[in-house]
Amino acid sequence: MAAFEYTALDEAGKQQRGTLEADSARQIRQTLRDKGWTPLSVEEVAEKKKKGDSTSTAFSFGGGLSASQLALITRQLATLVQAAMPIEEALQAVAEQQENRRTRNAVLAIRSRVLEGYTLAQSLDTFPNYFPQMYRATVAAGEHAGYLDKVLNRLADYTEQRMQSRQKVQLAMLYPVILMLAAVGIVSFLLGYVVPDVIKVFVESGQELPALTRFLIAVSEGFQVWWPWFLLGSVIAFFCIRYSLSKPAVRLVWHKRILSLPVIGRFSRTLNTAQFASTLSILTRSGVSLVDALAIAAQVVSNDAMKASVIIVAKKVSEGASLHKALKDTSLFPPLMMHMIASGEATGELDNMLERTANNQQMELENRVSMLVGIFEPLMLVVMGGIVMVIVLAILLPILSMDSLLG
């Protein structure tokens with residue numbers, strides 16, 4: 001049995017769309033005809049992939065379900081499974097709760113696979129961009145250990161935490177971005193419209209202008225003439241850089257360079273370490289082997305240089321090396337994290353220590369975001385104030401010169 005999405009005309013000639021379960025598309029068409037409807041199209045529900053898409057392996061929130069949708073589905077499913085409801089009935093109930101038609105169809109398609117005898121994790125494999133590898137591996141471990149309800153609750157907590165963390169970063173960066181755009185807009189307006197009209201008065205008077213005023217006139221005239229080309233060049237440069245960074249070799253070099261930068265490098269390390277630690281924590285606590293957990297957790301690391309290092313760590317651990325020693329050799333992770341992992345390995349509580357490490361790194365990330373925003377705001381105000389001061393001085397100096405001549 002599979003889930004099929006149909007489009008049909010009812011008795012009144014109105015177009016109707018929906019999802020039904022059956023063994024074949026032919027059976028769906030017959031069911032629609034029995035209702036007096038005219039079937040227009042019947043397609044089996046499956047994940048639609050764009051040309052060039054590859055299977056998602058990272059725990060990302062793009063391309064399929066949003067973070068909020070995934071967290072909601074997982075929480076609903078965990079609650080129903082915890083109430084001893086059979087998985088197929090739980091999936092049916094979750095599907096009925098979905099307002100988004102695409103999401104509802106995906107859940108029904110997964111339910112159809114479960115009814116055919118597949119496990120939940122195997123059924124989720126049908127939609128890899130909706131339920132990434134990390135998610136599916138955790139569900140598989142929960143099914144194998146017999147703790148699916150607990151694992152689903154952990155996944156829901158993890159998803160909600162990632163969503164809240166991303167929202168905090170985005171909200172924290174929103175004000176500086178708005179401030180920067182406002183500064184660029186104000187300066188552009190002054191150079192393009194205000195300065196030329198004011199300076200024209202001094203130019204027509206025939207007096208010798210100060211060097212600062214002549215410089216401002218040159219900048220203003222250049223801006224008025226060249227701003228379309230400057231804008232075009234910026235757009236071309238943006239797409240050229242984006243194309244270059246799509247090349248793995250170029251991106252790897254760039255990501256290594258980012259890690260060596262004073263402030264941005266520390267922020268990038270903290271961000272990726274927090275993502276890595278939290279993912280590794282939930283995987284190990286759910287029963288996934290450490291080697292497999294490392295391979296999966298490497299995919300959530302957005303910095304390619306750190307991702308390559310984690311893959312090497314996974315290889316070393318599979319060969320018998322301790323986790324803290326393999327991570328220490330990369331020189332990319334904080335010493336506190338190494339000490340906590342070493343303690344967890346020595347006491348046999350690695351999963352608990354990884355969870356503490358993840359919480360510690362998350363707190364450090366939030367502190368760094370707050371610090372960067374705290375530095376950026378006054379810096380932008382100082383820069384903006386300096387630019388405005390230069391413009392005001394360039395206008396005032398000729399006025400002062402005229403007053404001295406008249407005096």
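Residues numbered from 1 in each chain as written. Predicted model: local features only at pLDDT ≥ 70, side-chain atom pairs only at ≥ 80, totals over all residues. Heavy atoms only, no water.

Colleague: Explanation requested: empty space enclosed by the protein in the structure shown.
Modeller: Leftover empty space is mapped by rolling, across the atoms, a probe with the size of a water molecule. Counted according to the given criterion, the structure contains one cavity of 30 Å³ or more. Of the voids in this model, the largest cavity is the one considered here, and its volume is about 80 Å³. I73, L77, L91, V94, V107, I110, L120, L124, F131, Y135 and L152 are the residues that line the largest cavity. When residues of the lining of the largest cavity are traced back to their parent elements, those giving at least two are helix 2 (67–82), helix 3 (87–97), helix 4 (101–115) and helix 5 (120–124). When the residues that make up the lining of the largest cavity are grouped by side-chain class, the tally is 11 nonpolar, no polar and no charged. (1 Å grid on protein atoms, 1.4 Å probe; cavity = no way out; pocket = protein on both sides within 12 Å on 5 of 7 lines; lining within 4 Å. Points joined across faces, edges and corners; volume = space filled by probe spheres on them. Helix = DSSP H or I, 4+ residues; strand = E, 2+ residues; numbered from the N terminus. Nonpolar A, V, L, I, M, F, W, Y, C, P; charged D, E, K, R; others polar.)

Colleague: How should the pattern of salt bridges be read in this particular structure?
Modeller: If the charged atoms of two oppositely charged side chains come close together, the side chains can form a pair. Under the defined criterion, the tally for this structure stands at seven salt bridges. Across the pair D304 and R251 runs a salt bridge, and its minimum N-O distance is 2.7 Å. Of this pair, D304 sits in helix 12 (residues 304–318) while R251 sits in helix 9 (residues 248–260), placing them 53 residues apart in sequence. Of the charged contacts, one joins K316 and D329 as a salt bridge, the two residues approaching to 3.6 Å between their closest N and O atoms. One end of the pair, K316, is in helix 12; the other, D329, is in helix 13 (residues 323–330), and 13 residues separate them in sequence. Taking the relative accessible area as the measure of exposure, D329 reaches 41% and is therefore partly exposed. (Salt bridge = Lys/Arg side-chain N within 4 Å of Asp/Glu carboxyl O. Buried < 20%, exposed > 50% of the residue type's maximum accessible area, 1.4 Å probe, protein only.)

Colleague: Can you walk me through the layout of surface pockets in this structure?
Modeller: Of the volumes computed, that of the largest pocket is approximately 400 Å³. Around the largest pocket sit 14 residues that line it, and I258, I264, F267, S268 and L372 are the ones nearest its centre. When contributions to the lining of the largest pocket are tallied by element, the ones reaching two or more residues are helix 7 (148–205), helix 9, helix 10 (263–285) and helix 15 (350–406). Examining the composition of the lining of the largest pocket, we find that six residues originate from one element, helix 10, more than from any other. The class makeup of the residues in the lining of the largest pocket is nine nonpolar, five polar and no charged.

Colleague: Can you walk me through unusual backbone geometry in this structure?
Modeller: Note: most residues except glycine have negative phi, and most peptide bonds are trans. For A84, which is not glycine, the phi torsion reads 70° and is therefore positive. Among the secondary structure elements, A84 is positioned in the loop between helix 2 and helix 3. Located in the positive-phi region is S331, a residue other than glycine, with phi close to 60°. Tracing the backbone through its elements, the reader meets S331 in the loop between helix 13 and helix 14 (335–347). Judged by relative accessible area, which is 55%, S331 ranks as exposed.

Colleague: Is there a simple way to explain a nonpolar patch on the surface in this structure?
Modeller: A cluster of nonpolar residues, M389, V392, L393, L396, L397, I399 and L400, forms a patch on the protein surface that exposes about 580 Å² of accessible area. With relative accessibility at 40%, the residue V392 sits in the partly exposed group. (Patch = residues over 30% accessible without salt bridge, like charges linked within 9 Å, V, L, I, M, F, W, Y side chains within 5 Å. Areas by Shrake-Rupley, 256 points an atom, 1.4 Å probe, with all protein chains shown as cover.)

Colleague: It is not clear to me how the confidence of the model for the protein chain should be interpreted in this structure. Could you clarify?
Modeller: Interpreting fine coordinate detail is not advised for predicted regions of low pLDDT. For the protein chain, the mean per-residue pLDDT works out to 80, and 91% of the residues sit at or above 70. Here strand 1 (residues 2–9) stands out as the least confident element of the protein chain, with mean pLDDT 74; helix 12 is the most confident, with 91. Contacts for the low-pLDDT stretch residues 48–63, under 50 throughout, to residues beyond four places or in other chains number 32 contacts. (pLDDT = per-residue confidence, 0-100. Contact = heavy atoms within 4.5 Å.)

Colleague: Explain the environment of S286 to me, please; I cannot follow it from the model alone.
Modeller: The residue S286 is located in the loop between helix 10 and helix 11 (290–297) in this model. A relative accessible area of 5% places S286 in the buried class. With residues near it in sequence (within four places) discarded, S286 still touches T138, A141, G142, V151 and R154. Within polar-contact distance, the side chain of S286 engages the backbone oxygen of I282 at 2.7 Å. (Polar contact = N/O pair within 3.5 Å; in protein donor to acceptor, adjacent residues only side chain to side chain.)

Colleague: What is the right way to look at the packing of aromatic side chains in this model?
Modeller: Each aromatic ring pair is specified by the distance between its two centres and by the angle formed by the two planes. Applying the stated criterion to the full structure yields four aromatic pairs. Taking 5.2 Å as the distance between ring centres and 80° as the angle between the ring planes, the aromatic pair formed by F238 and F239 counts as edge-to-face. Since its relative accessible area comes to 47%, F238 is described here as partly exposed. F239 sits in the partly exposed class, given a relative accessible area of 48%. We note R113 situated over the ring of Y118; from NZ or CZ to the ring centre the distance is 3.8 Å. (Phe/Tyr/Trp six-rings, centres within 6.5 Å; stacked < 30°, edge-to-face > 60°. Lys NZ or Arg CZ within 6 Å of the ring centre and 35° of its normal.)

Colleague: Help me understand the packing of helix 12 against helix 13, please; the structure alone is not making it clear to me.
Modeller: Helix-helix packing is described using two parameters, namely the angle between the two axes and the distance between the axes. With their axes 9 Å apart at the nearest point, helix 12 and helix 13 run at an angle of 145° to one another. Between helix 12 and helix 13 lies a crossing whose hand is right-handed. Mapping the contact onto sequence places S309, V313, K316 and V317 in helix 12 and L323, A326, L327, D329 and T330 in helix 13. Taken together, the residues of the contact of helix 12 with helix 13 break down into five nonpolar, two polar and two charged. (Axes fitted to C-alpha atoms, helices over the stretch in contact; angles between N-to-C directions. Left-handed = near helix turned anticlockwise from the far one by under 90°.)

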